[in-house]
Amino acid sequence: MYKERIWLSPPHMSGHEMKYIQQAFESGWVTQGGPNVDAFEIETRRFLGGSVSCAAVSSGTAAIHLALRILGVGTGDVVICQSLSFVASVNPILYLGAIPVLVGSEPETWNISPKHLENAIIDCLQKGEKPKAIVAVCLYGMPYQIDEVAAIAEKYNIPIIEDSAEALGSKYKGKYCGTFGDISILSYNGNKIITSSGGGMLISKNKEYVEKARFLATQARDQAPHYEHSQLGYNYRMSNVSAGIGLGQMEVLEDRVAQKRQIHKIYSDIFCNDTQIQLFENPNKEFDSNFWMNIVIIEDANLKSEMESVFSYNNIETRPFWKPMHLQPLYKNYSYFGDELSNKLYEKGLCLPSGTGMDIEAIQRIKDCLISFL
Ligand SMILES: *Cc1c(COP(=O)(O)O)cnc(C)c1O
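As a further point, take the layout of surface pockets. The space that makes up the largest pocket amounts to roughly 350 Å³. Along its surface, the largest pocket is lined by 16 residues, and Glu-4, Arg-5, Ile-6, Asp-359 and Ala-362 are the ones closest to its centre. Split into classes, the residues belonging to the lining of the largest pocket amount to seven nonpolar, three polar and six charged.

A word on the environment of Gln-276. For Gln-276, the location among the structural elements is in the loop between α9 (253-271) and β10 (277-279). Remark: the alpha-carbon pair of Gln-276 and Ile-245, spanning 31 residues in sequence, is separated by 42 Å. Not counting residues within four places of it along the chain, the set of residues in contact with Gln-276 comprises Ile-297, Ile-298, Glu-299 and Leu-303.

Further remarks concern unusual backbone geometry. Of note in this structure, Trp-110 is not a glycine but carries a positive phi near 65 degrees. Structurally, the position occupied by Trp-110 is in the loop between β3 (99-103) and α5 (114-126).

Right, let's get into the packing of helix α3 (residues 60-70) against helix α7 (residues 207-217). One can describe the packing of α3 onto α7 by two numbers: an axis separation of 10 Å at closest approach and a directional angle of 115 degrees. The element α3 and its partner α7 pack so that their crossing is right-handed. Across the interface between the two elements, Leu-66, Arg-69 and Ile-70 from α3 touch Tyr-209, Lys-212, Ala-213, Leu-216 and Ala-217 from α7. Here the contact of α3 with α7 is built from residues that sort into six nonpolar, no polar and two charged.

All right, on to the pairing of strand β1 (residues 53-57) then. By the criterion of burial, β1 is predominantly enclosed, with five of the five residues buried. Burial along β1 is two-sided: Ser-53, Ala-55 and Val-57 facing one way and Cys-54 and Ala-56 facing the other are all buried. Judged from the five bridges that link them, β1 and strand β9 (residues 200-204) form a sheet pairing that is antiparallel. What sits directly across from Ala-55, in β9, is Leu-202.

Right, let's talk about the side chain of His-264 for a bit. For His-264, the location among the structural elements is in helix α9. Ignoring any residue separated from it by four or fewer positions in sequence, one finds His-264 in contact with Leu-279, Phe-280, Glu-281, Phe-291 and Asn-294.

Quick look at the side chain of Ser-113 now. By the element assignment, Ser-113 lies in the loop between β3 and α5. Classification of Ser-113 by relative accessible area gives buried; the value is 5%. Beyond its immediate sequence surroundings of up to four residues, Ser-113 is in contact with Val-103, Gly-104, Ser-105 and Glu-106.

Counting buried positions along β9 yields five of five residues, so the element is predominantly enclosed. Neither face of β9 is exposed, since Gly-200, Leu-202 and Ser-204 on one face and Met-201 and Ile-203 on the opposite face are all buried. Judged from the four bridges that link them, strand β8 (residues 183-187) and β9 form a sheet pairing that is antiparallel. Along β9, the bridge assignment pairs Ile-185 with Leu-202.

The ligand sits among 15 residues. The nearest are Thr-61, Asp-163, Glu-166, Ser-187 and Lys-192. Backbone polar atom of Gly-60 to an oxygen atom of the ligand: 2.7 Å apart, as the coordinates give it. Between the ligand and Glu-166, the relevant distance is 2.5 Å, taken from an oxygen atom to a side-chain nitrogen or oxygen of the residue. The protein chains hide 94% of the 370 Å² of surface that the ligand would expose on its own. The residue makeup of the shell around the ligand, split by class, is four nonpolar, eight polar and three charged.

Tallied over the entire structure, the rule returns zero disulfides. Unpaired in this structure, Cys-177 has its nearest cysteine sulfur neighbour in Cys-138, at a distance of 3.9 Å. Lacking any disulfide linkage, Cys-272 is separated from the closest cysteine sulfur, that of Cys-369, by 19 Å. Among the residues examined, Cys-272 registers a relative accessible area of 53% and is labelled exposed.

Quick look at the packing of aromatic side chains now. Tallied over the entire structure, the rule returns 13 aromatic pairs. Ring centres of Tyr-140 and Phe-321 lie 5.0 Å apart, and the angle between their planes is 75 degrees; this geometry places the pair in the edge-to-face category. In this pair, Tyr-140 is assigned in the loop between β4 (133-137) and α6 (146-156) and Phe-321 in the loop between β13 (319-320) and β14 (336-337), connecting sequence segments 181 residues apart. Since its relative accessible area comes to 2%, Tyr-140 is described here as buried. Here a set of aromatic residues connected by ring pairs shows up, and it is made of Phe-86, Trp-110, Tyr-140, Phe-280, Trp-292, Phe-321 and Trp-322. Sitting over the ring of Tyr-227, Arg-221 keeps its end group 3.8 Å from the ring centre.

A few words on the nonpolar core. Residues Ile-80, Leu-117 and Leu-168 are the most contacted members of the largest nonpolar core, which totals 64 residues. Among the elements that make up this core, the one with the highest residue count is α6 (five residues). Residues lining this core come from more than one domain, with at least three contributed by each of domain 1 (17-250) and domain 2 (253-373). Dropping the residues within four chain positions of it, Leu-117 is found in contact with Ile-80, Val-103, Ile-112, Ile-134, Val-149 and Ile-152. Membership of the second largest hydrophobic core comes to 34 residues, among which are Leu-202, Val-210, Ala-217 and Met-325.

Scoring rules and cut-offs
- Residues numbered from 1 in each chain as written.
- Predicted model: local features only at pLDDT ≥ 70, side-chain atom pairs only at ≥ 80, totals over all residues.
- Heavy atoms only, no water.
- 1 Å grid on protein atoms, 1.4 Å probe; cavity = no way out; pocket = protein on both sides within 12 Å on 5 of 7 lines; lining within 4 Å.
- Points joined across faces, edges and corners; volume = space filled by probe spheres on them.
- Nonpolar A, V, L, I, M, F, W, Y, C, P; charged D, E, K, R; others polar.
- Helix = DSSP H or I, 4+ residues; strand = E, 2+ residues; numbered from the N terminus.
- Contact = heavy atoms within 4.5 Å.
- Axes fitted to C-alpha atoms, helices over the stretch in contact; angles between N-to-C directions.
- Left-handed = near helix turned anticlockwise from the far one by under 90°.
- Buried < 20%, exposed > 50% of the residue type's maximum accessible area, 1.4 Å probe, protein only.
- Pairing = 2+ DSSP bridges.
- Near = heavy atom within 4 Å.
- Polar contact = N/O pair within 3.5 Å; in protein donor to acceptor, adjacent residues only side chain to side chain.
- Areas by Shrake-Rupley, 256 points an atom, 1.4 Å probe, with all protein chains shown as cover.
- Disulfide = S-S within 2.5 Å.
- Phe/Tyr/Trp six-rings, centres within 6.5 Å; stacked < 30°, edge-to-face > 60°.
- Lys NZ or Arg CZ within 6 Å of the ring centre and 35° of its normal.
- Core = buried A, V, L, I, M, F, W, Y, C linked by side-chain atoms within 4.5 Å.
- Domains from an automatic or database assignment.

Structure, rendered in structure tokens:
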């Protein structure tokens, strides 16, 4: 019998999106900027606790690019970045002609290792190249070691760009991800916890940074009756239609986070007694991941490929772990400070379906697969 494919983390509409899209069409405001964009920024600020400003842009990648520009990164500058991530965390460093220095992961959160981060900074300083920024990622929704990384950044006076593209709704010590960086970014790509069909948010406690982001995202047009430009800008502003989708999704964000955590609990119950398969969990009470994606580490390579086959046979998507940047052809010649952990996670990690749109039947199919397999 044909069984419908279960995807890893597909878009999940709330039903509230159309009313905002309708408004955009009725007002004729279907281009960049506009009332939905303003409202999306306000709603995001409200969700994050009100102490930040937000600028909606066309993607998370664009938000990182703008963040680097705002922090003054230019040709030949060094920027430190977590190696274990999606390529979009690093690419904007190259867009600017800057030099990425890659840092490995630590075992609790799988994010940037404070120890290796400090080694990287010391090495850069010895070469007379003070890093201009640190890109720290909340991978798969898990906050990085926020306090330790902040302490190092402060010690050496280097700003942090918090890449929380995957971590909207996650918390560290009771505070939301998206509020920890000197500049933080979110993504609303189709696979993320909520989507605007494609988009991103640049967030900062520093209002000037956010105003600068809006300026750079709209071709850096100076104030004048004609078109006057003294700086290089981009066409990165979010469209009013996309923002409408984002607003419809914001209405259910809390539910989506709760659903993601429920899905995680189901996996947790299945794997709790297994000694060979280890599910990625919050390291302690300070971390509260949105569990955007559920990952298992399978030590035995045969066991892992068996599990992949069982899922594949049942038309259920699984996916390998992010491949670290220091192993990518594009980045392998840049410096890397770290140990084998990132490589190991890439080899042994497997992403399991985590879509909030899964019904009881889909979850049962996944359970059946895993139970037959275990
Ligand atoms: C998705 C993602 C991005 C980029 O976001 P886009 O909106 O797709 O440009 C950046 N970093 C991480 C870790 C991501 O997962």
